[in-house]
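# Chain and residue survey
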Amino acid sequence: MNVTLPEETLMEMYWFMLLSRRLDERAWALHRQGKIAFHISAIGHEGAQIAAAYAIRRGYDWIAPYYRDLTLMLALGYTPREFMLSLMGKKGDPSSGGRQMPSHWSLKRANVISHSAPVATQTSHAAGIGLAIKLRGEDKVVITTVGEGSTSQGEWYEGVNWAAVHKLPVVFIVVNNLYAISVRQEQQMAVANVADKALGLGLPGISADGMDFLAMYQVMKEAVERARRGEGPTLVEAKVYRITPHSSDDDDRSYRPRAEVEQFKQRDPLLIARQHLEKQGLLTPQKIEEFEQRAREMVEDAVRFGESAPYPDPEEAAHPVYAEEVHHV
Ligand SMILES: Cc1ncc(C[n+]2csc(CCOP(=O)(O)OP(=O)(O)O)c2C)c(N)n1
């Protein structure tokens, strides 16, 4: 592995992974307390996401994410307070003003575009943005994420195919956590790796260890640079594991053995990152405690902020779904 990143960058990456984890855990607790209606988790996905965030030029490149991208969003500047507003359906939620499901991100200031509820639709959004970048002659890149189950959708093939034909600056990240709710990968596709699908579509396909943020970063960095040089899209498969149930509405005991979950917990991305940074002498027990303390404070501040924030005004219910004034041509 020849990844060289400044020490502060490595520590910052670890910090966002930790903050994401602690926020995520708090969201589960809020759900069990009956304070929020729904949560969909990033636990197990942090390493792949932080690598993607740091491989791009944040605030410059474009992002078409999916619902499991909490760590990516935090690294793009989405705040814990904003996350709580989204979870609690409160007015200041930047994604939709508290009127969308939580974790259906959009963040104008960070070039994050809103995604729809049907899975894989963001793939064609990303291809469209890629085409716009190319037509304008810009050196921007767009990254988009889906789960492996979403690669069974026709729209996913259409978007990837179009980007490959026109050599668009897109990195298609497929986060393979083995399950699409209760459907295992083998019931969903006849290939061993999602990356194998790239062969038939005419773009490079690479599998990365998404549990290890440095392994994933290396693959992402190459894919992003390739796109920026005008050499076209790459399909990056991040092999991860979803340690939690699909969402707060799901009982995963009905479709996967506990032993499997326990086995993958040994490869927890936060643990792997910690081991990397401890080995390099960057993370000391004191630093770990300092980070934990800061994360606890931020999470509790965000919860208080969310709880005291107002709900959207009823008059805003249709905004900005319908135009104030309709223009007929
Ligand atoms: C077109 C479509 N079909 C079904 C659903 C319901 N649905 C929501 S998430 C999901 C699973 C997606 O699995 P995957 O793409 O592997 O992502 P993961 O949640 O595992 O990260 C399904 C079937 C949907 N939102 N859109």
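The coordinates are above.
In this report, the structure presented in the accompanying data block is examined. Remember, predicted model here, so these are calculated numbers, not experimental data.

## Some words on the pattern of salt bridges
Inspection of every chain in the model, using the stated rule, returns 27 salt bridges. Residue Arg109 pairs with Glu82 through a salt bridge whose shortest N-O separation is 2.8 Å. Of this pair, Arg109 sits in the loop between α4 (80–88) and α5 (121–136) while Glu82 sits in helix α4, and the two are 27 residues apart along the sequence. A residue is classified by how much of its surface remains accessible, and Glu82, at 13% relative accessible area, is buried.

## Regarding the site of the ligand
As a structural note, the neighbourhood of the ligand is formed by 16 residues, with Tyr66, Tyr67, Arg68, Ser150 and Tyr179 the closest of them. Between Ala117 and the ligand, the recorded distance is 3.0 Å, taken from a backbone N or O atom to a nitrogen atom. Gly147 is positioned with one of its backbone polar atoms (N or O) 3.4 Å from an oxygen atom of the ligand. Considered on its own, the ligand offers 580 Å² of accessible surface; in the complex 73% of this is hidden by protein.

## Overview of the pairing of strand β6 (residues 205–209)
In the sheet, β6 pairs with strand β7 (residues 234–239) via five bridges, with the strands oriented parallel. Of the residues in β7, the one forming a bridge with Gly205 is Leu235. Each parallel crossover has a hand, and the one from β6 via helix α8 (residues 213–228) to β7 is right-handed.

## Looking at the side chain of Arg242
Relative to the elements of secondary structure, Arg242 occurs in the loop between β7 and α9 (258–265). There is no salt bridge for the buried Arg242, and the closest opposite charge comes from Asp250, which lies 4.2 Å off by N-O distance. Of the polar contacts made by the side chain of Arg242, one reaches the backbone oxygen of Thr244; its length is 3.0 Å. A polar contact is formed between the side chain of Arg242 and the side chain of Tyr255, at a distance of 3.3 Å. What Arg242 contacts, discounting residues up to four positions off in sequence, is Ile43, His45, Arg68, Asn177, Tyr179, Ile181, Asp250, Tyr255 and Arg256.

## Focus: the environment of Pro102
Counting through the fold element by element, Pro102 comes out in the loop between α4 and α5. Looking at Pro102, the relative accessible area reads 12%, which means it is buried. For the pair Pro102 and Arg274, spaced 172 residues apart in sequence, the C-alpha separation works out to 29 Å. Apart from residues lying up to four places away in sequence, Pro102 is in contact with Phe38, Ser86 and Leu87.

Rules used in this analysis
- Residues numbered from 1 in each chain as written.
- Predicted model: local features only at pLDDT ≥ 70, side-chain atom pairs only at ≥ 80, totals over all residues.
- Heavy atoms only, no water.
- Salt bridge = Lys/Arg side-chain N within 4 Å of Asp/Glu carboxyl O.
- Helix = DSSP H or I, 4+ residues; strand = E, 2+ residues; numbered from the N terminus.
- Buried < 20%, exposed > 50% of the residue type's maximum accessible area, 1.4 Å probe, protein only.
- Near = heavy atom within 4 Å.
- Polar contact = N/O pair within 3.5 Å; in protein donor to acceptor, adjacent residues only side chain to side chain.
- Areas by Shrake-Rupley, 256 points an atom, 1.4 Å probe, with all protein chains shown as cover.
- Pairing = 2+ DSSP bridges.
- Right-handed = clockwise from strand over helix to strand, strands pointing away.
- Lys, Arg positive; Asp, Glu negative; His and termini not counted.
- Contact = heavy atoms within 4.5 Å.

In short, the description is geometric, and any link to function would need to be established separately.
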